[in-house]
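# Commentary on secondary and tertiary structure
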Amino acid sequence: MHDWRRTVDGLREQGLRELSAISDPQALERWRVGYLGRRGALTDALRGLSRLPAEERPAAGQAANDAKRALEAALAEREGALREQALSRDLEEERLDVTMPGRPPARGGLHPTTLILRQITAFFGGLGYQVVEGPEVELEKYNFEMLNIPRDHPARDMFDTMYVRPPEVVLRTHTSPMQARVMEARSEEARAQHLPAPPVRVVVPGRCYRYEAQDATHEWMFYQVEGLAVDVGLTMADLKGTLAAFARHMFGSDVKTRFRCDYFPFVEPGVDFSISTPSVRGGAWLEILGAGMVHPRVLRMAGYDPDAYNGFAFGMGPERIAMLKYGISDIRGFYSNDLRFLEQFAS
Ligand code: DAH
């Protein structure tokens with residue numbers, strides 16, 4: 001009896017001790033099988049009851065049942081405690097601090113070309129110029145012919161042209177073809193209504209393409225902004241005053257400006273227009289655009305009588321203006337989509 005008793009008490013004690021150290025459900029199940037399962041240690045001991053003398057059985061049975069109940073109760077309690085622990089661990093993991101500042105979403109910014117285009121069009125818009133756009137896939141007729149650049153004319157060498165369908169469809173090499181398109185459309189419309197051709201003031205921003213080896217100052221795709229004014233009695237003084245005001249708008253009021261003779265087939269005379277201001281390249285003279293008085297043949301081909309009308313035109317590269325204004329040394333930064341470059345201009 002005593003031995004048996006000791007076995008049951010020992011199992012009970014050992015079981016409770018082991019149980020208190022258990023912290024995961026698998027170990028808990030192993031413990032249950034080990035003590036209370038069909039082949040468990042305590043179940044075994046209970047089975048041994050039958051070998052005891054009859055008079056000892058009731059007390060031994062009592063002790064064994066007490067031990068069993070104690071272990072079962074301890075098991076239930078431990079299970080509950082572990083479940084509780086797991087739950088609070090889950091809650092802890094899901095805990096949300098609603099007072100934490102949010103992660104700001106990445107904000108986009110305007111491309112430097114867009115920034116400059118907006119400054120340019122805003123300025124000319126203020127002078128009453130319309131902003132119009134034209135096709136990037138252009139007819140050779142408008143890209144060259146109507147601009148007084150006949151086929152086989154050496155001036156075509158100025159433009160390394162990409163042909164979409166040779167010889168008549170090209171990627172426009174400049175925005176100047178819109179001079180011809182706008183004048184042609186306006187003069188035809190006026191003629192249909194038996195009206196004199198109207199004056200024109202337009203600026204034309206847009207992409208241009210050239211078959212060009214890329215380097216720090218050349219891209220095969222770039223933007224231009226064309227300007228065209230046609231009216232009665234325009235002079236080069238109007239052109240110069242307009243461009244000087246434009247230069248002040250873009251580079252500040254102390255900018256100096258200069259015309260020098262240059263050649264473009266669609267203007268006569270033609271000039272290059274340069275600026276000088278202390279804050280840009282130490283005041284060096286820098287060419288920013290080409291310009292001139294619209295060639296009489298260009299006026300005539302587009303339906304404007306050169307004896308009654310004249311005009312001026314100019315064409316500039318916004319990337320070049322951005323490069324001068326922001327101190328950018330390599331044009332390839334504009335369209336290679338490197339955020340380290342682009343983010344410097346995000347406003
Ligand atoms: N289209 C010329 C070019 O791409 C730029 C230009 C020069 C435009 C003189 C003009 C102009 O309107 O008058 O090189």
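Residues numbered from 1 in each chain as written. Predicted model: local features only at pLDDT ≥ 70, side-chain atom pairs only at ≥ 80, totals over all residues.

## A look at the overall build of the protein
Helix and strand counts for the protein stand at eleven helices and ten strands. A compact globule built from 347 residues should have a C-alpha radius of gyration of about 20 Å, whereas the protein, at 45 Å, is more than 25% larger. Taken along the three principal axes of its C-alpha coordinates, the protein extends 140 × 45 × 40 Å. By the burial criterion, 31% of the 347 residues in the protein qualify as buried. (Helix = DSSP H or I, 4+ residues; strand = E, 2+ residues; numbered from the N terminus. Rg over C-alpha atoms; globule rule 2.2 N^0.38 Å. Buried ≥ 20, exposed ≤ 12 C-beta atoms within 10 Å, placed from the backbone.)

## Section: the site of the ligand
Residues in contact with the ligand, as listed here, are His 174, Ser 176, Glu 226, Phe 264, Val 267, Gly 270, Gly 290, Ala 291, Gly 292, Ala 313, Phe 314 and Gly 315. Looking at side-chain class alone, the shell around the ligand contains five nonpolar, six polar and one charged residues. (Near = placed C-beta within 6 Å. Nonpolar A, V, L, I, M, F, W, Y, C, P; charged D, E, K, R; others polar.)

## Some points on the nonpolar core
Grouped together as the largest cluster of nonpolar side chains are 59 residues, with contacts concentrated most on Val 230, Ala 291, Val 294, Val 298, Phe 312 and Ala 313. Grouped together as the second largest cluster of nonpolar side chains are nine residues, Val 8, Leu 11, Tyr 35 and Leu 42 included. (Core = buried A, V, L, I, M, F, W, Y, C linked by C-beta atoms within 7 Å.)

## A few points about the pairing of strand β10 (residues 310-316)
On a regular strand, each side chain points to the face opposite its neighbour's, so the side chains alternate between the two faces of the sheet. With seven of its seven residues buried, β10 lies for the most part within the structure. Where strand β6 (residues 221-231) lies against β10, seven bridges are found, and the strand directions are antiparallel. By the bridge assignment for β10, Val 230 is matched with Gly 311. The sheet contact formed by strand β9 (residues 286-294) and β10 spans five bridges and is antiparallel. By the bridge assignment, Ala 291 is partnered in β10 with Phe 314. (Pairing = 2+ DSSP bridges.)

## Quick word on the domain arrangement of the protein
When the domains of the protein are assigned, the result is domain 1 (2-93) and domain 2 (112-342). Once you take the C-alpha centre of each, domain 1 and domain 2 turn out to be 94 Å apart. (Domains from an automatic or database assignment.)

## Some points on the sheet that holds strand β2 (residues 137-139)
In space, the three strands of this open sheet follow the order β2-β4-β3, with antiparallel pairing throughout. With partners counted over all chains shown, the strands left at the sheet margins are β2 and β3 (163-165), one partner each. Direction aside, the axes of adjacent strands within the sheet are offset by 40° on average. Across two bridges, β3 lies against strand β4 (residues 169-171) in antiparallel orientation. Each bridged residue has a counterpart across the sheet, and for Tyr 163 the counterpart in β4 is Val 170. (Axes fitted to C-alpha atoms, helices over the stretch in contact; angles between N-to-C directions.)

## Looking at the sheet that holds strand β8 (residues 267-276)
The seven strands are arranged β1-β5-β6-β10-β9-β8-β7 in an open sheet whose pairing can be described as mixed. At either margin of the open sheet sits one strand with a lone partner, and together these are β1 (130-131) and β7 (256-262). Examined bridge by bridge, β8 and β9 share seven bridges and lie antiparallel to one another. Paired with Gly 270 across the two strands is Gly 292, which belongs to β9. Lying on the sheet, helix α5 (residues 112-126) is in contact with β1, β5 (200-209) and β6; it crosses β6 at an angle near 5°. (Contact = placed C-beta atoms within 7 Å.)

## Focus: the environment of Phe 144
Among the structural elements, Phe 144 can be located in the loop between α6 (140-143) and β3. Residue Phe 144 is classed as buried on the basis of its C-beta count, with 27 C-beta atoms lying within 10 Å. Among all residues touching Phe 144, those that are not within four sequence positions of it are Ile 149 and Arg 156.

## Some details on helix α4 (residues 57-93)
Its 37 residues place the ends of α4 53 Å apart at the C-alpha level, agreeing with the 54 Å of an ideal helix rising 1.5 Å per residue. Among the residues of α4, those classed as buried are Ala 64, Ala 67, Lys 68 and Leu 71. (Expected span 1.5 Å × (residues − 1).)

## Things to note about the packing of helix α2 (residues 25-36) against helix α3 (residues 41-48)
As a packed pair, α2 and α3 sit with axes 3 Å apart at the nearest point and diverge in direction by 10°. On the basis of the axis angle, α2 is roughly parallel to α3. Seen from α2, the contacting residues are Gly 34, Tyr 35 and Leu 36; seen from α3, they are Ala 41, Leu 42 and Thr 43. A breakdown of the residues in the contact of α2 with α3 according to their chemical character gives four nonpolar, two polar and no charged. (Parallel < 35°, antiparallel > 145°, perpendicular 65-115°, else oblique.)

## Digging into helix α10 (residues 318-326)
For α10, every residue scored as buried is listed here: Pro 318, Glu 319, Arg 320, Ile 321, Ala 322 and Met 323. One or two residues past the end of α10 sits Gly 327, with phi positive at roughly 70°.

## Thoughts on the pairing of β6
Burial within β6 is extensive, with nine of its eleven residues counted as buried. With ten bridges joining them, β5 and β6 adopt antiparallel strand pairing. Counted as the bridge partner of Val 203 is Gly 227 from β6.

## Remarks on the packing of α5 against α10
In the contact formed by α5 and α10, the axes pass within 9 Å of each other and the chain directions differ by 100°. Taken together, the axis directions place α5 and α10 in an arrangement best described as roughly perpendicular. Packed against α5, whose contacting residues are Pro 112, Thr 113, Ile 116, Leu 117 and Ile 120, the element α10 presents Pro 318, Glu 319, Ile 321, Ala 322 and Tyr 326 at the interface.

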